[in-house]
Amino acid sequence: MFYLASQSPRRKELLTLAGLTFEVLVSGCDETVPDGFTAKQTVQHLANQKAEAVLQLCKAEDTVLAADTIVVIDGQILGKPKDKDDAFAMLRSLSGRTHTVMTGVCIANGSKRKEFVSKTDVTFYELTDEEINAYIATGDPMDKAGGYGIQSKGVVLVEKINGDYSNVVGLPLAQCVRELRIFGIR
């Protein structure tokens with residue numbers, strides 16, 4: 001059996017788009033990160049924690065894919081906004097600038113493990129306060145790292161990307177599909 005250790009609707013959509021058959025099994029693990037971790041270490045640690053938690057619920061031959069996505073600008077990690085003010089501050093900090101979206105991935109079963117981090121640079125247009133407030137009013141930013149979703153209404157904020165589009169959505173799909181082949185998942 002192949003399990004996705006995530007309740008993210010975006011990750012489910014991407015794996016379905018790739019034609020994969022899977023079940024969702026949410027980890028519910030502690031997402032605390034040790035002090036001093038870099039952004040790259042943070043996303044990999046969180047993906048690993050999620051995978052380990054779900055592996056405990058599986059058979060040795062089951063394969064688990066876990067992922068965590070963050071937005072990084074000026075060395076600061078932007079998670080999901082706490083409220084509208086937090087979303088505004090995040091979007092203001094991204095306005096007219098390039099930031100990096102990182103997704104840590106862990107694919108594992110009882111005998112094999114593959115870990116990697118995918119990075120994509122995203123450049124926003126210069127945004128007015130009016131544009132930011134209108135976007136926040138849609139409700140779209142509230143459950144997304146960095147306060148925006150490139151796959152939904154937030155696409156109009158983005159001037160360009162350099163890297164894997166699906167990574168910005170929440171899962172570097174092409175790389176995951178290739179890595180899953182090693183585990184016999186096609």
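Scroll up to find the structure.
Owing to the predicted nature of the structure, the values given are computational and were not obtained by experimental measurement.

**As for the overall build of the protein chain**
Broken down by element type, the protein chain carries six helices and seven strands. From first element to last, N terminus to C terminus, the protein chain shows the α and β order β-α-β-α-β-β-α-β-β-α-β-α-α. The C-alpha radius of gyration computed for the protein chain amounts to 17 Å, which stays within 12% of the reference 16 Å derived for 186 residues, consistent with globular compactness. With the C-alpha coordinates aligned to their principal axes, the bounding extent of the protein chain is approximately 50 × 35 × 25 Å. Residues counted as buried form 50% of the 186 residues belonging to the protein chain. For the protein chain, the share of sequence-separated contacts (at least 6 apart) that also reach a separation of at least 24 residues comes to 66%. As presented, the protein chain carries roughly 9100 Å² of accessible surface, and 49% of it is formed by carbon and sulfur atoms.

**Some words on the pairing of strand E6 (residues 113–124)**
Two elements, strand E5 (residues 98–108) and E6, share eleven bridges in a ladder whose sense is antiparallel. Note that in E6 the partner of Val101 across the bridge is Thr120. In textbook terms, the turn of a hairpin is the stretch between consecutive antiparallel strands, and for E5 and E6 this stretch comprises four residues. Relative to strand E7 (residues 158–162), E6 is paired through four bridges, and the arrangement is antiparallel.

**Here we look at the layout of surface pockets**
When its volume is computed, the largest pocket comes out at roughly 610 Å³. If you trace the largest pocket, you find 33 residues lining it, with Arg11, Lys50, Asp68, Thr69 and Lys80 closest to the centre. Mapped by element, the contributors of at least two residues to the lining of the largest pocket are helix H1 (9–17), helix H2 (39–55), strand E3 (63–73) and helix H5 (165–169). The element that contributes the greatest number of residues to the lining of the largest pocket is E3, accounting for five residues. Among the residues forming the lining of the largest pocket, the class breakdown is 14 nonpolar, eleven polar and eight charged.

**Observations regarding the side chain of Arg11**
Relative to the assigned elements, Arg11 resides in helix H1. For the buried residue Arg11, which engages in no salt bridge, the nearest side chain bearing the opposite charge is Asp68, 5.4 Å off. Beyond its immediate chain neighbours, meaning those up to four positions away, Arg11 contacts Leu4, Ser6, Ala67, Asp68, Thr69, Gly170 and Leu171.

Rules and cut-offs
Residues numbered from 1 in each chain as written. Predicted model: local features only at pLDDT ≥ 70, side-chain atom pairs only at ≥ 80, totals over all residues. Heavy atoms only, no water. Helix = DSSP H or I, 4+ residues; strand = E, 2+ residues; numbered from the N terminus. Rg over C-alpha atoms; globule rule 2.2 N^0.38 Å. Buried < 20%, exposed > 50% of the residue type's maximum accessible area, 1.4 Å probe, protein only. Contact = heavy atoms within 4.5 Å. Areas by Shrake-Rupley, 256 points an atom, 1.4 Å probe, with all protein chains shown as cover. Pairing = 2+ DSSP bridges. 1 Å grid on protein atoms, 1.4 Å probe; cavity = no way out; pocket = protein on both sides within 12 Å on 5 of 7 lines; lining within 4 Å. Points joined across faces, edges and corners; volume = space filled by probe spheres on them. Nonpolar A, V, L, I, M, F, W, Y, C, P; charged D, E, K, R; others polar. Lys, Arg positive; Asp, Glu negative; His and termini not counted. Salt bridge = Lys/Arg side-chain N within 4 Å of Asp/Glu carboxyl O.

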